[in-house]
Each structure stands twice: as structure tokens, then as C-alpha cells.
Amino acid sequence: MKRISVRRVASVIVTAMAMTLVFATLGWAMMPQWNTRPYTKHIVIASADTTITPAHANIPHEGRYRTRETRLSIKTGDGVTLPAVLREPVGAPGPRPACLFIHGSGTSGAEDFGDIANAMASAGIVTLVPAKRNDNYTVLHRDYPRFAREYGRSLDVLRGRIGVDPAKTGIYAESEGTWIATILTSKRQDIAFAVLTSAPVFNGREQMAMAMAVSAYTHEAGAPKPVVKDMAKLMSLDYAPFDLAYADFDADRYLKSLTMPVLVNYGTYDTAMPIEQGAQRIIATANKSGNENVTVRYFAGNHQMRAGEGLFTPNLPLAEGYTQALENWVNGVTAGTKADGWATPQVAGATPHQRFAASQRTRSGIVGSLGVLAGLMVAGPVLIVMAAILGIGLTVFSWLQTLLAGRRSVATVRAVHATPSELGAAQRRMLHGIAGLSAGIGTAVMVITGLLYGYMSAVGVSAVLVMPQPRLFAVGWVVLRIATMLLVVLFAWEMERVWYCRADIVGVRRVICVMVALGTLATLMTLAFWGLFSL
């Protein structure tokens with residue numbers, strides 16, 4: 001008997017080790033087929049001074065004029081009306097240059113950009129900030145062409161205002177809004193200038209894949225290295241089943257439309273954008289189209305051009321010199337300043353340091369679809385719950401049969417459990433043991449699933465809010481690794497016991513065992529994807 005027990009223990013250990021190796025291999029195969037590489041082709045900064053000055057034009061500067069605000073309503077053309085705020089310089093001679101503001105993903109109201117728009121108006125530039133229409137704008141769906149059409153209508157309103165020079169009217173776009181801006185510039189030839197601030201430049205997948213957006217934030221949050229790598233896996237997946245087509249937005253197609261004067265701005269604290277590679281790509285693409293009038297400025301600011309590293313820290317002032325550079329550049333280009341007409345260098349400001357390069361090869365690993373991953377993540381808990389419902393139903397049915405019959409006969413046992421032969425005491429103990437172990441595995445699967453999703457959610461929140469918790473995440477990761485190994489051992493133990501008495505497991509019991517096994521395997525596959533088997 002001891003020899004049999006030792007043999008079974010040895011069998012469980014070997015099975016657990018084999019499963020660990022298999023899932024570790026699967027986890028490695030799930031890594032995308034590209035590598036994040038350090039960025040080495042750093043841009044040359046000619047001066048630390050962010051000032052932009054035309055060589056010959058006499059332009060008004062910030063604070064020259066009082067400003068006046070007017071509330072407008074913009075009709076989108078499909079029955080929807082959006083509020084907008086127009087800011088005008090009081091007493092400025094006309095016709096005047098004008099600028100339309102285009103929101104990024106974190107802003108949408110007509111009151112946004114107020115400090116920037118008002119500062120520009122005080123320098124003689126008419127500004128219009130329309131609200132962004134947020135219906136059907138979700139994490140899963142973003143219709144950039146529709147936004148471009150709607151901002152185009154706002155542009156028409158701005159160009160039609162008395163005192164505005166239509167030939168000197170351009171756009172200011174921030175972050176995701178720069179994609180919308182390039183769609184707009186590709187459709188219209190009447191845009192006099194384009195200011196692109198915190199521009200992703202690359203398409204969503206390429207930009208995020210370089211481990212600067214999600215992965216860099218995750219790293220800054222203090223997450224372990226395997227979790228940072230998980231972000232690369234996520235970014236490589238096919239999002240089509242979830243309508244996340246904007247992840248593959250064709251940035252190159254629209255970038256070619258930047259044939260007007262362009263001002264590119266980045267904050268050197270911004271780890272989410274390709275602050276050097278993006279600027280270089282805009283310059284190169286514009287030059288190919290014959291446009292040499294591209295100016296680049298780097299400010300000591302974050303993604304929102306605020307003077308601080310915290311992305312969501314309230315009431316941060318704008319980076320020093322930011323609005324003055326905007327106003328001088330807009331007034332300069334609308335006064336006719338060309339590429340060789342600036343008294344200041346093309347590229348200047350704080351010294352940027354882009355850590356990683358955007359990858360243009362973003363093929364996924366063996367799990368290539370977000371739908372497949374979501375299916376695995378859901379399948380485990382769902383199968384376990386279904387098995388639990390069947391188990392409870394079987395128990396209730398057995399209890400009712402016993403209650404009605406007054407005693408539990410051999411025939412009743414056969415009817416309920418559908419066993420092919422008379423069950424001995426040892427076999428009954430074995431089946432009861434399997435039922436208990438199945439319940440134990442089911443509980444383990446649900447607990448580790450909850451821990452995993454809670455952990456990943458905490459990492460995500462910490463990354464977004466820039467609240468590093470390295471010690472907490474390190475301990476949490478160790479706990480998840482230990483829980484994963486325990487689940488493997490427990491699963492191997494049950495499989496050994498099930499195999500030992502497989503002839504007596506039939507009917508509903510067999511269905512329950514199969515569901516528990518499949519649910520556990522789906523959960524282990526999910527854990528492998530998230531790197532919990534990494535060696």
C-alpha cells in the first residue's frame with residue numbers, strides 16, 4: 001500500500017512538473033514576434049530656449065489685447081448641436097488669424113483649453129473651442145473620420161466669423177486629436193497651419209507596442225518585469241472582434257497631408273509618446289511633400305503640457321513659455337514667415353530622451369486575437385460555475401430521492417450515479433474524495449482568477465494615476481506565482497485520482513469532472529498568457 005502511495009505521489013510530482021514546463025513554453029510562445037528596442041537616433045537640440053521669433057515680421061505678443069468670450073452653437077449636420085466658446089482679441093485690427101482646437105482622448109468640453117485659447121486671443125488670434133461629441137465614443141469604438149467632419153464644420157464657422165481671415169485659419173490638436181487633425185488636413189486644402197501637440201504620430205498599435213505608452217506606465221507603477229511584458233502581448237492582439245479598429249489607424253496615410261506650416265510640441269516628461277521619433281518622422285514626411293516649414297519645440301512638461309510629471313495632477317500650470325511659443329509661431333507663419341525666415345532654430349527646448357523605439361512589426365504570438373484571450377479568461381470561471389451548478393443539482397436530486405424513498409437503496413445509487421457496477425466502500429470514498437477535490441479545484445480556480453484580475457486592475461489604476469507601488473506589486477506577484485503552482489499540483493493530484501477510478505465515474509459525475517478539467521486548463525492557459533509560468 002505504501003508503494004502504491006509513493007508511486008502516486010511520484011506520478012503527481014512528475015505530472016505537475018510536466019504541466020509547468022508545457023505552460024511555461026506556451027507562455028513564451030504567446031509573446032509577440034517583435035522586440036522593444038532602446039531608441040538611439042536622438043534628435044539634435046540646437047538651443048535650450050523655447051522662444052520662437054520671426055526674423056522680419058512685426059507680430060503682437062501675449063497680453064497685447066483684452067479678450068472677449070462668446071458662446072456659440074455648432075450644428076454637426078445630422079441634427080446634433082454642440083456648444084463652443086469663441087475668444088476674440090478686443091480692438092485687434094482685422095482680418096485676424098484664427099485657430100480651431102481639436103480635443104484629445106482626455107478632453108471633450110467647450111471649456112477645455114481655456115488658458116491656452118485665451119492667451120492666444122490676447123496675442124491677436126481668434127480661437128474657437130467646440131465640444132467633442134462623445135456619443136458612441138468608447139474604449140471599444142472611436143470614429144475618427146466622423147470627428148474630422150464635425151471639426152470641419154466648426155472650422156467653417158470660424159472661417160466665416162467677421163474679422164477672421166479665412167486664409168490665415170488653422171488648427172491646434174492635442175494627443176489623439178492629432179490623428180483627427182491629419183484626417184481633416186487630408187480632406188481640406190484651406191488649412192493655413194497645424195499645431196500638433198503630444199502627437200502619437202504612429203498608429204495605435206505601433207505607438208503602444210514600443211512599451212512607452214502602456215508598458216512604460218506599467219514599469220513606472222512598479223510592476224514586475226513579466227507584467228510589463230504582458231502589455232506587449234496585449235498590444236499585439238487583433239482587436240477586430242471588439243471593434244477596436246482604431247488601434248490600427250493608418251497614421252502614415254494621413255501624415256502625408258501636412259503640407260502647411262507645422263509646429264510640433266512635446267513635453268519631455270511624457271513617457272507615452274514618441275517624443276523624438278515622432279518629431280523626426282513628421283519632419284521627414286513633410287519634407288518629402290516639399291514642406292520645409294516644420295518647427296519643433298520641447299518643453300519641461302507632461303503629456304498635457306503642464307509643468308509637472310503627474311498626468312492627472314489638478315491645477316498644474318502650463319509649461320513655461322508654451323503659450324508664448326504658440327502665439328509667436330502662429331502670428332509668424334500667418335504673417336508669411338517661411339522655413340528660412342525664423343530668427344530661432346527649427347528644433348529647440350528642453351532635452352528629450354525617448355527610451356524605446358516604436359516597432360513597425362507587431363505580429364502577435366500564438367494567441368493573436370483579443371477575442372481568443374477573452375474567451376480563455378471567461379471559459380475557466382464559467383465552466384467551473386456550470387460544474388458547481390451540476391454538482392449542486394446532483395446532490396439535491398440525490399437528497400430528494402433519499403427523502404422520498406426513505407432509504408438509499410442500491411438501485412437508487414445506480415440510478416443517480418449511473419455506476420456500471422456495485423460500489424464498494426473504498427470506491428464510494430474515492431468518488432466522494434473526487435467530488436471534494438473537484439470542489440477544491442473549482443474554488444482555487446475562482447480565487448486565483450479573482451486575484452489575477454484584481455492585481456491587473458490595481459496595476460492599471462496605479463499606472464494611469466502615476467502612483468508607484470513596487471513593493472505591493474512585487475509581493476502580489478509572488479503570491480500569484482505560488483497560487484499558480486498550488487493549482488497545478490492540485491490539478492495533477494485530481495487527474496491522478498480520476499484516472500485511478502475512471503471506470504466508476506460515469507453519467508453526470510463524468511460531465512462534472514470534464515468541465516472542471518477544461519475550466520482548469522483554460523485558467524492555466526490564461527495564467528500562462530499573463531506570464532505566471534515564466535522561468
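Analysis parameters
Residues numbered from 1 in each chain as written. Predicted model: local features only at pLDDT ≥ 70, side-chain atom pairs only at ≥ 80, totals over all residues. Heavy atoms only, no water. Helix = DSSP H or I, 4+ residues; strand = E, 2+ residues; numbered from the N terminus. Buried < 20%, exposed > 50% of the residue type's maximum accessible area, 1.4 Å probe, protein only. Contact = heavy atoms within 4.5 Å. Areas by Shrake-Rupley, 256 points an atom, 1.4 Å probe, with all protein chains shown as cover. Expected span 1.5 Å × (residues − 1). Axes fitted to C-alpha atoms, helices over the stretch in contact; angles between N-to-C directions. Parallel < 35°, antiparallel > 145°, perpendicular 65-115°, else oblique. Left-handed = near helix turned anticlockwise from the far one by under 90°. pLDDT = per-residue confidence, 0-100. Pairing = 2+ DSSP bridges. Nonpolar A, V, L, I, M, F, W, Y, C, P; charged D, E, K, R; others polar. Salt bridge = Lys/Arg side-chain N within 4 Å of Asp/Glu carboxyl O. Right-handed = clockwise from strand over helix to strand, strands pointing away. Phe/Tyr/Trp six-rings, centres within 6.5 Å; stacked < 30°, edge-to-face > 60°. Lys NZ or Arg CZ within 6 Å of the ring centre and 35° of its normal.

**A look at the overall build of the chain**
In terms of regular secondary structure, the chain is built from 15 helices and nine strands. Taken across its 535 residues, the chain has 53% of its residues classed as buried. For the chain, long-range pairs separated by at least 24 residues make up 80% of all intrachain contacts whose partners lie at least 6 apart in sequence. Total accessible area computed for the chain in this model is approximately 24200 Å², and 62% of it derives from carbon and sulfur atoms.

**Some words on helix α9 (residues 277-288)**
With 12 residues, α9 should cover 16 Å at 1.5 Å per step; its first-to-last C-alpha distance of 17 Å lies within 8% of that length. Here α9 has its buried residues at Gln277, Gly278, Ala279, Arg281, Ile282, Ile283, Thr285 and Ala286. Phi turns positive one or two residues past the end of α9, at Gly290, with a value near 85 degrees.

**Description of the packing of helix α3 (residues 144-159) against helix α4 (residues 177-187)**
Following both chains from N to C, one finds α3 and α4 inclined at 65 degrees, their axes separated by 9 Å at the closest point. In terms of orientation, α3 lies roughly perpendicular with respect to α4. When the axes of α3 and α4 are compared, the crossing they make is right-handed. Touching Tyr144, Pro145, Phe147, Ala148, Tyr151 and Gly152 of α3 are Trp179, Ile180, Ile183 and Leu184, all from α4.

**Concerning the environment of Val129**
Looking at where Val129 falls in the secondary structure, it is placed in strand β4 (residues 126-130). When its relative accessible area of 0% is taken as the criterion, Val129 is described as buried. Separated by 29 residues in the primary sequence, Val129 and Leu100 have C-alpha atoms spaced 6.3 Å apart. Not counting the four nearest positions on each side in its chain, Val129 is found in contact with Pro83, Ala84, Val85, Arg87, Phe101, His103, Gly109, Ala110, Asp112, Phe113 and Ala117.

**Let's talk about the confidence of the model for the chain**
Within the chain, residue pLDDT values average 84, and 83% of them lie at 70 or more. Taken together, the stretch residues 408-423 has pLDDT below 50 and engages in 27 contacts with residues farther than four places along the chain or on a different chain.

**Here we look at the pairing of strand β6 (residues 194-197)**
Neither face of β6 is exposed, since Ala194 and Leu196 on one face and Val195 and Thr197 on the opposite face are all buried. Taken together, the four bridges between strand β5 (residues 164-174) and β6 define a ladder with parallel strand orientation. Looking at the pairing, Tyr172 lines up with Val195 of β6. The pairing of β6 with strand β7 (residues 262-267) spans four bridges and is parallel. Bridge pairing in β7 links Ala194 to Val262.

**Section: the packing of helix α14 (residues 470-500) against helix α15 (residues 507-529)**
Look at α14 against α15: their axes get within 11 Å of each other, and the N-to-C directions meet at 155 degrees. One element, α14, and the other, α15, form an angle in the roughly antiparallel class. When you trace α14 past α15, the crossing you get is left-handed. Here Thr484, Leu487, Val488, Phe491, Glu494, Met495 and Val498 of α14 come into contact with α15, specifically with Cys513, Val516, Ala517, Thr520, Leu521, Thr523, Leu524 and Leu527. Classifying every residue of the contact of α14 with α15 gives 11 nonpolar, three polar and one charged.

**What to know about the pattern of salt bridges**
For the structure shown, the criterion picks out 15 salt bridges. Between Glu69 and Arg87 there is a salt bridge; the shortest N-O distance is 3.3 Å. With Glu69 in strand β1 (residues 66-75) and Arg87 in strand β2 (residues 81-90), this pair connects stretches of sequence that are 18 residues apart. Glu69 sits in the partly exposed class, given a relative accessible area of 43%. Overall, Arg87 belongs to the buried group, its relative accessible area being 2%. Taking the shortest distance from any N to any O, the salt bridge between Asp135 and Arg146 comes out at 3.9 Å.

**Digging into the pairing of β5**
The two faces of a sheet get side chains in turn, since along a regular strand they alternate between them. Most of β5 is tucked away: eight of the 11 residues are buried. Bridge count between strand β3 (residues 96-102) and β5: six bridges; the pairing is parallel. The residue of β5 that forms the bridge with Arg96 is Val164. In this view, the connection linking β5 to its parallel neighbour β6 by way of α4 has right-handed handedness.

**Some remarks on the sheet that holds β6**
Sheet strands pair via backbone hydrogen bonds, and the direction of the pair is either parallel or antiparallel. The nine strands are arranged β1-β2-β4-β3-β5-β6-β7-β8-β9 in an open sheet whose pairing can be described as mixed. In the strand order of this sheet, the two ends are held by β1 and β9 (347-349), each with one partner. Within this sheet the neighbouring strands show an average axis-to-axis angle of 20 degrees, counted without direction. Along the sheet, α9 contacts β6, β7, β8 (294-299) and β9; its crossing angle with β8, the most-contacted strand, is approximately 175 degrees.

**Quick word on unusual backbone geometry**
Look at the link from Gly94 to Pro95: it is a cis peptide, with omega at -5 degrees. Tracing the backbone shows Pro95 in the loop between β2 and β3. Despite not being glycine, Phe113 shows a phi value in the positive range, around 65 degrees. Within the element layout of this structure, Phe113 appears in the loop between β3 and α2 (114-121). What makes Phe113 buried here is its relative accessible area of 8%. Backbone geometry places Ser198, a non-glycine residue, at a positive phi of 55 degrees. Within the secondary structure, Ser198 sits in the loop between β6 and α5 (204-209).

**Notes on the packing of aromatic side chains**
Aromatic rings considered in pairs are described by the distance between their centres and by the relative angle of their planes. Inspection of every chain in the model, using the stated rule, returns 14 aromatic pairs. The interplanar angle of 40 degrees and the centroid separation of 5.3 Å between the aromatic rings of Trp179 and Phe249 together place this pair among those described as tilted. Of this pair, Trp179 sits in helix α4 while Phe249 sits in the loop between α7 (225-236) and α8 (251-255), and the two are 70 residues apart along the sequence. In this structure, Trp179 and Phe249 share a single accessibility class: buried. Taking 5.2 Å as the distance between ring centres and 85 degrees as the angle between the ring planes, the aromatic pair formed by Phe299 and Tyr322 counts as edge-to-face. Here Tyr322 lies in helix α10 (residues 322-334) and Phe299 lies in strand β8, a separation of 23 residues in the sequence. Under the relative-accessibility criterion, Phe299 is labelled buried at 1%. The ring of Phe147 has Lys132 sitting right over it, with the charged end atom 5.7 Å from the ring centre.

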